[in-house]
Amino acid sequence: MIGGLFIYNHKGEVLISRVYRDDIGRNAVDAFRVNVIHARQQVRSPVTNIARTSFFHVKRSNIWLAAVTKQNVNAAMVFEFLYKMCDVMTAYFGKISEENIKNNFVLIYELLDEILDFGYPQNSETGALKTFITQQGIKSQLQTKEEQSQITSQVTGQIGWRREGIKYRRNELFLDVLESVNLLMSPQGQVLSAHVSGRVVMKSYLSGMPECKFGMNDKIVIEKQGKGTADETGKSELGSGKQSIAIDDCTFHQCVRLSKFDSERSISFIPPDGEFELMRYRTTKDIILPFRVIPLVREVGRTKLEVKVVIKSNFKPSLLAQKIEVRIPTPLNTSGVQVICMKGKAKYKASENAIVWKIKRMAGMKESQISAEIELLPTNDKKKWARPPISMNFEVPFAPSGLKVRYLKVFEPKLNYSDHDVIKWVSLQLHSEMSAWPLDAD
Amino acid sequence: MPYLGGEETLRELRRALSNPHVQADPARYRGAVLRVIRLMAQGADVSGLFPEMVKAGAVPDVVQKKLVSFYVRAQAPLQPQLALLAVNSLRKDCAHPSPAVRGLALRTMCGLRMPGIQEYLQQPLVSGLRDKASYVRRAAVLGCAKMVKMQGDCEVDGALVNELYSLLRDQDPIVVVNCLRALEEILKKEGGVVINKPIAHHLLNRMPDLDQWGQSEVLTFLLRYKPRSEDELFDILNLLDSYLKSSSPSVVMAATKLFLVLAREYPDVQADVLVRVKGPLLSACTSESRELCFTALCHVRQILRSLPGHFSSHYKKFFCSYSEPHYIKCQKMEVLCELVNDENVQQVLEELKGYCTDVSVELAQGAIFAIANIARTYTEQCVGILTELLGLQQEHITSAVVRAFRDLAWLCPQCTDAVCQALPGCEDTIQDSEGKQALVWLLGTHGEKIPNAPYVLEDFVENVRSESFPAVKMELLTALLRLFLARPAECQDTLGRLLYFCIESLVSEGDKDVLEVHPDAPVSEEKELLEAHPDAGSLSLIPDVSLSAEQFERSWLSLDTSCQLCLPWAGPVHADTIQTALRVVHIHTIAMSRAGAQPWKAYLSAQDDSGCLFLTELLLQAADSELQVTVKQSEAKPEALQSFISALRTVLEAVAGLES
């Protein structure tokens, strides 16, 4: 299995090295540095074989995490493990950065000791780990009894992701839907392909072992119910927008009972404590594009570019989009920019090589435009500008995929609190991201 | 500051650790231990503190125990005598009321790499396996594997193995998986853990309780199990069905593998499985985790090998997006090449065309070669696109396109005409050796279809003196001779000039014989010359000698030196030039040191038609301006030896002359 785990900074200095197997020598640490981190060309593959040793690496900001093995392992599993490792570290000390890793190195060694034993992954759920990891320092004798009962409860409870005996004064549940739209546009403005990848993120602060049920307007469920009551389908067609969505594929957190999902399409689960990602999904059919972006670029001579970008909001006039931010990339040899926009504020940010245009609010079926004159420094560099895509960030009160939350129920059989006592925060305030590509001058 | 103060710091730490006031205050005590660990992590030698640290491990504080455990594991191999001290206190910890402490002590003891530790390990491990806390059992099970591994060749304890097999029925899922892992390691020599029917069925039933790591490992272990009957096989497949749609890609991939192996005899089931994993694989391919995406793409390529065109309807999923890293884009282009069919060829080519103008040279050329790959089936469209790209007049693009054309002209002769029409004008943009070679080859081989071919080659000949790549010169000579046969009138003068240049620079007798015939020789004679062997005198060397490096070494050591000579030599050696030049006269290079090595050596071999072997060593010492040549012969034939040496001398002198 995993023979060793190394963490390097961007210079290739080893921050953490933990070897689990005798077959991984000290020279493995250097081999990876020389062949991958210090290699001149771009990274050719996340898996590197050096002298019959395989190195699997992931990069988080400028930190390299590498897992090393001499055996033939399941590559997907090693990568998933590295992601998990990153998640766990983030849960403990926030962003993975050189400084944080240096400050927490004792904790990291402790973590590495618990999640991997002899190179085999052990319990890696953050919630459960909190009972073993003693970063804060617990007085052993006082703690022993409680700790013992917690650890034994994990044996009997069989739920690896939640420990028993959690108590909250206020039972709260947060649900956020985050979607990002990925758009491919031809230079003529046609939409070539679009897909939405979404995530349902929850924060649960619930006592005991609650059972939750989450319902959305999944097409298959709606159709099933529709068969029983024909009226309902009739109604739904009258309503505005689409009532159900076809999900191409979705994956769930391990707490969701997959058997129930397969048979009844219902999502029921005992949530882990704290923040977690309930599901990820992807849709490609009938995507509502909240905005249309029409870029026009004209080259005026060798040292000047004229850019005009029109955005049209494409939803009901009664709805409002908020915090709109359009990012128009500019060439690297830009010397100056003059912008005129009808609405909002626009600024050229030289450090980011982009014009950032911000609009606070925009109602549906409106149009707004920005025009900019970009002055270029003449260069001899023949290389073409890479033309990064125009990207857009905004919040709209509906989901581009059409996803709606139909219900979110909580049952706790043992403790005396019912569904009504839970304070639920279902946010359909969607953070969407849209990027259009390419912005073409030809 | 090396070792942060060295001796002084160590002494101060030792004082702190043994100070009763510090020991009485848990926070200060732990602070001191932490400082030791920090020093150790920075590479300082802290082995002197071993007794104090072991003592520090005997406090109730778990955090401190962990820190000490970390220290002990790192330091024990350096001082085995002192490590015994630690063993005692660790054994005491194995009976501690807290399971966390018991588990930690077991793990620490198994991690001590010192001889003779086994006898102390046995008893705590056995009681660990029967511990009531699962945490301890997990550590104990893997501890068994570590112990056996340390023992090396010793007989495996049968009772231990049986105990582990019975623990496969443990309540705790991680204990179960750890048991499998441990048994696999312990029984490695006997072929690993045995998966019989009861075990297999038990594991299948426990699958839902396991975490993703456990699931994918158990699926791998199940590969070993062979169901007895068809019914059983399909029962298993039904049970495992849901794992094909698991949220974890590693489980999906492990399950797919298991399905494919189990359904070995049912091709339709196998095909069905591949259809069913399409969704999960595609979503992994579009996931944000790049490394997983890469893994999934590699799997897709594997599947495409057995089911070509399987993902054809989803070709759009394999279009590259701007922000993806280089390695994913390359994989996606490879996949796109395989997916092309009549319906999507237009869109795929359109997309690939977009990548051809990418800023990254490597990616742009990759896209061009991908189009060339598709051109084997959809020749006309692709050649059209490639021709269009020539219009951009970008150096790297033109070079790649011309190289693609050369391969195409070879593989699909029907497109030669189109290729030939596109070529004029390329010569101005191409700068690199590969591209020039391809262009010259095309001009030479298909010169009769390109009106201005002789004139383009003429330009090359004009500039041959400033040409820096020897391979291009070689290609030029061949191409011009070929074209001369097709269009003698236009080429005669140019060829003459090139040959004259060759004679001038290669002062070679062997070649002079060939070259002096020209420029007034009739065409027929020239043809003969092309086919004639470039041999020297009475000796004729056969073109392909199959002599491995080992064989060469053996013969070299067994033979006596037949002849030794020194040749004048100045400056560095160009290995490629020598190798190419020698190959022309059928002398083969067996091995050669890299350029610039001191001393520089090369080993050559040749064989004449009577089977006599000539083995040669070239040696260039750093200080000398002489190349020492040692020749050995398998049969004593003085006449052949003389001819061989003169041929060799000719070539080497020519190369030396060319470079100086």
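Residues numbered from 1 in each chain as written. Chains lettered and ligands numbered in written order. Predicted model: local features only at pLDDT ≥ 70, side-chain atom pairs only at ≥ 80, totals over all residues. Heavy atoms only, no water.

Chain A has the name Adaptor related protein complex 2 subunit mu 1 in an unreviewed UniProt entry, where Zonotrichia albicollis is given as its organism. Under the heading Sequence similarities (unreviewed entry), UniProt records this for chain A: "Belongs to the adaptor complexes medium subunit family." (UniProt positions renumbered as here; feature names shortened; annotations may be inferred.)

**Student:** Explanation requested: the environment of Y243(B) in the structure shown.
**Tutor:** Residue and element names in this part refer to chain B. Relative to the helices and strands, Y243 resides in the loop between α14 (230-240) and α15 (249-262). Put simply, Y243 and A255 are 12 residues apart on the chain and 6.3 Å apart in space, counted from C-alpha to C-alpha. With near-sequence residues (within four places) excluded, Y243 lies in contact with M207, P208, Q215, V251, V252 and A255. (Helix = DSSP H or I, 4+ residues; strand = E, 2+ residues; numbered from the N terminus. Contact = heavy atoms within 4.5 Å.)

**Student:** I'm lost on the pairing of strand β5 (residues 626-633) of chain B in this one. Help?
**Tutor:** Every regular strand shows the same layout, with side chains that alternate between the two sheet faces. Residue and element names in this part refer to chain B. Counting buried residues in β5 gives six out of eight residues, a clear majority hidden from the surface. The pairing of strand β1 (residues 561-568) with β5 spans seven bridges and is antiparallel. Among the inter-strand pairings, C566 is bridged to a residue of β5, identified as Q628. (Buried < 20%, exposed > 50% of the residue type's maximum accessible area, 1.4 Å probe, protein only. Pairing = 2+ DSSP bridges.)

**Student:** Quick question: what am I supposed to make of the sheet that holds strand β12 (residues 267-269) of chain A here?
**Tutor:** Note: strands within a sheet are paired through backbone hydrogen bonds, in either parallel or antiparallel orientation. All names here are of chain A. Spatial strand order, β12-β10-β22: three strands in an open sheet with antiparallel pairing. A single partner strand is all that each edge strand has here, and the edge strands are β12 and β22 (405-411). The average undirected angle you get between the axes of adjacent strands in this sheet is 15°. In terms of strand pairing, strand β10 (residues 211-216) meets β12 through three bridges, oriented antiparallel. Within β12, the residue paired with F214 across the bridge is I267. (Axes fitted to C-alpha atoms, helices over the stretch in contact; angles between N-to-C directions.)

**Student:** Where do I start with helix α22 (residues 379-390) of chain B in this structure?
**Tutor:** Structurally, the α-helix is built with 3.6 residues per turn, so residues lying three or four positions apart point the same way. All names here are of chain B. Compared with an ideal rise of 1.5 Å per residue, which puts 12 residues at 16 Å, α22 spans 17 Å between its outermost C-alpha atoms and is within 8% of the ideal. Those residues of α22 not exposed but buried are T379, C382, V383, I385, L386, L389 and L390. For α22, the arc enclosing every buried residue in end-on projection is 160°, short of the 170-degree limit, so these residues lie on one face. Looking at α22, the residues exposed on the side facing more than 90 degrees away from the buried face are E380 and E388. Where the residues of α22 are buried, they touch α20 (345-355), α21 (361-375), α23 (395-411) and α24 (416-422). (Expected span 1.5 Å × (residues − 1). Arc of directions from axis to C-beta.)

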